[in-house]
Amino acid sequence: MKFIDEFRDKDLVRDLVRRLGQFAAGPATIMEVCGTHTMAAARFGLKTLLPPGVSLVSGPGCPVCVTAQADLDGFLALGKEPGIILSSFGDMLRVPGTATSLEKERAAGAAVRVVYSPLDAVDLARQETGKQVVFFGVGFETTMPATAVAIQVAAAEDLPNFSVFCVHKTMPAALRALLSAGEVKVSGLLCPGHVTTIIGASAYDFIPQEFGVPCAVTGFEPLDLLLGIDSILHQISRGQARVDNVYRRAVQVQANPRAQALLTDVFAAADAAWRGLGVIPGSGITIKEKYRQFDARARFAALLAQVPPPPPSACRCGEVLRGVMRPQECPRFDQACSPSHPLGPCMVSSEGACAAVYRYER
Amino acid sequence: MTALINKVFLSRYGNAAFRGDDSALLRVGTQHLALTTDSYVVTPIFFPGGDIGRLAVSGTVNDLLTAAARPLALSASFIIEEGLEIKALERIAQSMRETAAEGGAAIITGDTKVVPRGSADKVFITTTGVGEVLRPGITGAAVRPGDKIILTGSVGDHGATVMIARENLLEGTSLSSDVAPLTEIVLNLLEQGCEIHAMRDPTRGGIAASLNEIARQSQVCLEIEESAVKVRPGVAAACEALGLDVFKVANEGKMLIFVASGDAEKALALVRASRYGQDAEIIGAVQDGPPGRVQVRTSIGTARILDPPSGELLPRIC
């Protein structure tokens, strides 16, 4: 496949690995911010290729994993109401809420539909005129434009039965919070390639400037990841810190103007609760007033107010998401917690750090 | 699913004949027979490359073949949702007849029930097959270190095709299911005296499920060469787009064949000479490593495990 096979080339990988070994000076902990990086690194066994002392640690970039328990509980509660159809990306299906999951609710008779795009949920609303269709808007900047389009389309048609339960989150604010807390010492960040196609590489300029941490915007194939690691090790060895873009076939320095126009039209910045990280100022979005009728939190406010706050969870995803603990270090990993009996989202999300280790590295 | 089968069924039916393979074995006098049954549910019922009828016959024929049995006779039971067009049913029946003939078996009995609209989804088919065991002892538990693993063609074709047809995704892709009876491949190998230890058709759960089952049953370690497993470009693209692991996507016309090392090249040539085996490859070997483990040597030369799939395949966010 074009743009994929070239970046899985065995010989190029070998050459690059040799180069990494030549100038890597001392230990370095590199955080792969994005869950898709985590999964790709595990699937290709990249950790075994790194020079001694250079290690990868997962960050907060799995959108399913950082969804607050209270938000998921709220969405699940809506599914108990007759006449409400819950629609979601497939990733959310097995994620455990406090008492249940979308998969269990579907088995118990709730109307739960997996969609491939927010526009599929709009389509569903067109067909199911007597019912309310609520779409769970999850994801970082990558998926936000698609949700924005769905809301615009619903508004243009004045669809009375479509709304979005918005839990979208924005990446730069989360990285600022993580680095400010200083809990985890990272030598460099592999910044998320897909997110950056929307927000542009310049969105991370504050990281080298304020925190002195080298960044590389990185794609998802083995060579992409190694190029990102190569960039960070180079920056470290020269005492530099900047934002390097090694995913140039997809990412530009500036934000995607069309996507930004969509986001500005539909969403406004807001504080957001992250699983394991708490409330981070400015790290989420709300649906603007002019589209309020498509905001499920507003439309079903009375119902949502009755959902009890979640009790403390046995899952230690928070520590994994902050890069403080590796999945294998969790006492519940592969014991009480496994993909068929997950205690938290990191074990079931296709981008989850625990799932990556469970699937590929045990 | 395995846990459910063990808890509910195996604990109650459990007897010597109820075992971890796709077919049960019966002994009648000196004759060994294989018996297997399977229910088929697929949406849509007609898809590029096949239909539910061809699927129902191929699946049962291939399950008999995994026990080294020559397929003899099949039964076919239909649960039909009220309102299904007779034309659709005729098309399915015709397809079953042709597929059975191709697979060397006859459909000799059956049953039909019509249920109210909404109680079933168009049509469900259960097929049961009986076959004559040509060589006893071929089972998922008979694999040994040193064996080579032959895969008879590309992976993921059926699962990717059906998923894309069901969801109307990725317009312009031209995928086709691989659904087919593999009688020619297997009977050739047996008739030519190849030392086969096990066979498994990697249907739901893909080769990841089948390889893990065999590794567990035989208490061996399997090592697979990722680059030796063929994936058609359209299937690869669909799996990349949907975030699916192609090793976990269903096949309906492929066989994993575990053969003694000395016979591997001969067996490979025989498989490649068959209609549905032209793309066959040796994809790996059985090792002395940790029992029950399946390892993949990746395309970039690293090693990782291949875990069994858990639950349905779900597309991902981004």
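Because the structure is a prediction, the values reported are computed rather than measured. (Residues numbered from 1 in each chain as written. Chains lettered and ligands numbered in written order. Predicted model: local features only at pLDDT ≥ 70, side-chain atom pairs only at ≥ 80, totals over all residues. Heavy atoms only, no water.)

S.K.: I would appreciate a short explanation of the interface of chain A and chain B in the present structure.
M.R.: Interface size, as often reported, equals the accessible area lost upon joining of the parts. The partner chain B presents 27 residues to the 37 residues of chain A that form the contact. Counting the surface chain A buries against chain B, the share from its top three residues, Arg94(A), Tyr116(A) and Arg359(A), is 25%. Across the chain A-chain B interface, the total number found is two salt bridges. Residue Glu240(B) pairs with Arg8(A) through a salt bridge whose shortest N-O separation is 2.9 Å. Linking chain A to chain B there are six residue pairs in polar contact (both at pLDDT 80 or more). Sorting the residues of the side of chain A that touches chain B by element identifies helix H1 (10–23), helix H2 (35–43), helix H4 (102–107) and helix H15 (353–360) of chain A as the ones contributing at least two each. Taken together, the residues of the side of chain A that touches chain B break down into 18 nonpolar, eight polar and eleven charged. (Contact = heavy atoms within 4.5 Å. Buried area = accessible area lost by both parts, 1.4 Å probe. Salt bridge = Lys/Arg side-chain N within 4 Å of Asp/Glu carboxyl O. Polar contact = N/O pair within 3.5 Å; in protein donor to acceptor, adjacent residues only side chain to side chain. Helix = DSSP H or I, 4+ residues; strand = E, 2+ residues; numbered from the N terminus. Nonpolar A, V, L, I, M, F, W, Y, C, P; charged D, E, K, R; others polar.)

S.K.: Help me understand the domain arrangement of chain B, please; the structure alone is not making it clear to me.
M.R.: All names here are of chain B. If you check the domain split of chain B, you get domain 1 (2–133) and domain 2 (148–305). Counting from both sides, the interface comprises 25 residues of domain 1 and, opposite them, 25 residues of domain 2. Here domain 1 packs against domain 2, burying approximately 2100 Å² in sum over the two surfaces, 59% of which is carbon and sulfur. Of the charged contacts in the structure, one is a salt bridge between Arg275 and Glu102, with a shortest N-O distance of 3.4 Å. Counting across the interface, domain 1 meets domain 2 through ten residue pairs in polar contact (both at pLDDT 80 or more). When residues of the side of domain 1 that touches domain 2 are traced back to their parent elements, those giving at least two are helix H2 (52–66), strand E5 (69–81) and helix H3 (86–103). Among the elements that make up the side of domain 1 that touches domain 2, the one with the highest residue count is H2 (nine residues). (Domains from an automatic or database assignment.)

S.K.: Even after reading the chapter, I still don't get the sheet that holds strand E6 (residues 162–166) of chain A, so can you show me in this structure?
M.R.: The pairing of strands in a sheet happens through backbone hydrogen bonds and is either parallel or antiparallel. Residue and element names in this part refer to chain A. Taken in spatial order, the four strands of this open sheet run E4-E3-E5-E6, and their pairing is parallel. Looking at strand neighbours, the two that pair on one side only are strand E4 (112–114) and E6, the edges of this open sheet. Neighbour-to-neighbour, the strand axes of the sheet open up by a mean angle of 25 degrees, direction not taken into account. Relative to E6, strand E5 (residues 132–137) runs parallel, the two being bridged by five bridges. Across the sheet, residue Val133 finds its bridge partner in E6, namely Phe162. This element, helix H3 (residues 69–78), spans strand E3 (84–88), E5 and E6 of the sheet and lies at about 165 degrees to E5. (Pairing = 2+ DSSP bridges. Axes fitted to C-alpha atoms, helices over the stretch in contact; angles between N-to-C directions.)

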